[in-house]
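Here is how the chains run, residue by residue.
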Amino acid sequence: MGESADNSQADQSDHLDIPQNHRDDEWTREIIRRVVAGGTVAVDVGANVGDVTAALVEAAPESQHIAIEPIPELAALVRERFPSVVVHEAALAAEAGPDVEFVHVVSNPSYSGLRERRYDRPNEELQRIRVRTTTLDSIVPEDAHVSFVKIDVEGGELGVLRGASRVLDQRPVVVFEHGLGAADHYGTEPATVFEIFDGKGLKVSGLDRYLDGKPHYSKAEFEDEFYSGRRWNFVAHP
């Protein structure tokens, strides 16, 4: 899972907290170990070099998981690393459409996305490429039992969710990044994300809260976590 930058200096320093990112990564792997089982499909949206994909394959090696990554060389890398995984070279959105401009942050690929976002480091090297757009519902076979989805798309998560209504109807566990410095560049507010999950019968928690069995967030609590910058990785769950 990637970092998110904030507009305030205090929150920006929180987002540069490397141990927090390490904890989020480990919590994500633990969630995968708990929910991804044989006979189910898991999806890695924004696969990057395939670290989360690796955890999916380890959890259920006999399943045919799906990875989605728009940057051609990274999609090729994931395809080479995991021959059993179905890799789609595309960006996900609310609707399938023509190729669109994609901002490839060459100096820090994990910050790449459909729009420029706030970057923690000055003078990042940006390259604008054209990528295919599609929806998660278009990619996932209708007969697939989806148990888990990870979404890390640097602010474009609302579009992914709007194009995933059929998949969300299955009520999978969804680990997703949603933070200031990224989502706000798409005009996305946390209340909208919360309402999409709520409409599908999914509750929103912090990764550790979910693992510890603690109560999920109310909409107001989720909004507070987002705007305070305390967290930028969350989990939606039945």
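Overview of the structure.

Procedures and definitions
- Residues numbered from 1 in each chain as written.
- Predicted model: local features only at pLDDT ≥ 70, side-chain atom pairs only at ≥ 80, totals over all residues.
- Heavy atoms only, no water.
- Helix = DSSP H or I, 4+ residues; strand = E, 2+ residues; numbered from the N terminus.
- Rg over C-alpha atoms; globule rule 2.2 N^0.38 Å.
- Buried < 20%, exposed > 50% of the residue type's maximum accessible area, 1.4 Å probe, protein only.
- Contact = heavy atoms within 4.5 Å.
- Lys, Arg positive; Asp, Glu negative; His and termini not counted.
- Charge placed at Lys NZ, Arg CZ, Asp CG, Glu CD.
- 1 Å grid on protein atoms, 1.4 Å probe; cavity = no way out; pocket = protein on both sides within 12 Å on 5 of 7 lines; lining within 4 Å.
- Points joined across faces, edges and corners; volume = space filled by probe spheres on them.
- Nonpolar A, V, L, I, M, F, W, Y, C, P; charged D, E, K, R; others polar.
- Salt bridge = Lys/Arg side-chain N within 4 Å of Asp/Glu carboxyl O.
- Core = buried A, V, L, I, M, F, W, Y, C linked by side-chain atoms within 4.5 Å.
- Phe/Tyr/Trp six-rings, centres within 6.5 Å; stacked < 30°, edge-to-face > 60°.
- Pairing = 2+ DSSP bridges.

### Topic: the overall build of the protein
- Each helix and strand counted, the protein has 10 helices and 10 strands in total.
- Relative to its length of 238 residues, the protein is compact, with a C-alpha radius of gyration of 16 Å against a globular reference of 18 Å.
- Seen along its three principal axes, the alpha-carbon backbone of the protein occupies a region of about 45 × 40 × 30 Å.
- Sorting the 238 residues of the protein into buried and exposed places 55% on the buried side.
- The contacts in the protein between residues at least 6 apart in sequence include a share of 69% that link residues at least 24 apart.
- Of the charged side chains in the protein, 24 are positive and 42 negative; the average position of the first set lies 3 Å away from that of the second.

### Brief notes about empty space enclosed by the protein
- The tally for this structure, following the rule as stated, stands at 1 cavity of 30 Å³ or more.
- One number sums up the size of the largest cavity: a volume of about 30 Å³.
- Taken together, Gln20, Asp24, Arg230, Arg231, Trp232 and Asn233 form the lining of the largest cavity.
- When the residues that make up the lining of the largest cavity are grouped by side-chain class, the tally is 1 nonpolar, 2 polar and 3 charged.

### What to know about the pattern of salt bridges
- As enumerated under the stated definition, the model contains 17 salt bridges in all.
- Linking aspartate 51 and arginine 81 is a salt bridge whose minimum nitrogen-to-oxygen distance equals 3.9 Å. Separated by 30 residues along the polypeptide, aspartate 51 in helix 3 (residues 51–59) and arginine 81 in helix 4 (residues 72–81) bring together distant segments of the chain.
- Residue aspartate 51 is classed as exposed on the basis of its relative accessible area of 55%.
- Taking relative accessible area as the criterion, arginine 81 reaches 38% and is therefore assigned partly exposed.
- Residues joined by salt bridges that share partners form a network here, namely Glu26, Arg29, Glu30, Arg33 and Arg34.

### Let's talk about the nonpolar core
- Val43, Val45, Leu136, Phe176 and Phe197 are the most contacted members of the largest nonpolar core, which has 32 residues in total.
- Take this core: its biggest share by element is 4 residues, from helix 8 (residues 190–199).
- Not counting residues within four places of it along the chain, the set of residues in contact with valine 45 comprises Ile68, Leu92, Leu136, Val149, Lys150, Ile151, Asp152, Val153 and Val160.
- Ile31, Ala42, Val52 and Val173 belong to the second largest nonpolar core, which has 15 residues in total.

### Looking at the packing of aromatic side chains
- Under the criterion given, the structure shown has 8 aromatic pairs.
- Ring geometry for phenylalanine 176 against phenylalanine 222: centres 6.3 Å apart, planes inclined by 65°, an arrangement best described as edge-to-face. A residue pair is termed long-range when its members are at least 10 positions apart, and phenylalanine 176 in strand 8 (residues 173–177) and phenylalanine 222 in helix 10 (residues 219–228) qualify at 46 residues. With respect to class, phenylalanine 176 is no different from phenylalanine 222; both count as buried.

### Points about the layout of surface pockets
- Put simply, the largest pocket is a space of about 910 Å³.
- Elements represented by at least two residues in the lining of the largest pocket include exactly helix 2 (18–35), helix 3, strand 4 (91–92) and helix 6 (157–162).
- The element best represented in the lining of the largest pocket is helix 2, accounting for 6 residues.
- Within the lining of the largest pocket, the residues separate by chemical class into 21 nonpolar, 14 polar and 10 charged.

### Here we look at the sheet that holds strand 5 (residues 97–105)
- One open sheet accounts for 3 strands, arranged 4-6-5; its pairing is mixed. Pairing within the sheet leaves two strands with one partner each, and these edge strands are strand 4 and strand 5.
- In this sheet, strand 6 (residues 126–134) lies alongside strand 5 in antiparallel orientation, the contact comprising 7 bridges. Its bridge partner being in strand 6, glutamate 101 is matched across the sheet by arginine 130.

### As for the environment of histidine 216
- Mapped onto the elements, histidine 216 comes out in the loop between helix 9 (207–211) and helix 10.
- A residue is classified by how much of its surface remains accessible, and histidine 216, at 38% relative accessible area, is partly exposed.
- Sequence spacing of histidine 216 and alanine 90 is 126 residues, and the spatial spacing of their C-alpha atoms is 32 Å.
- Setting aside its immediate chain neighbours within four residues, histidine 216 contacts Lys203, Val204, Ser205, Arg209, Glu221 and His237.

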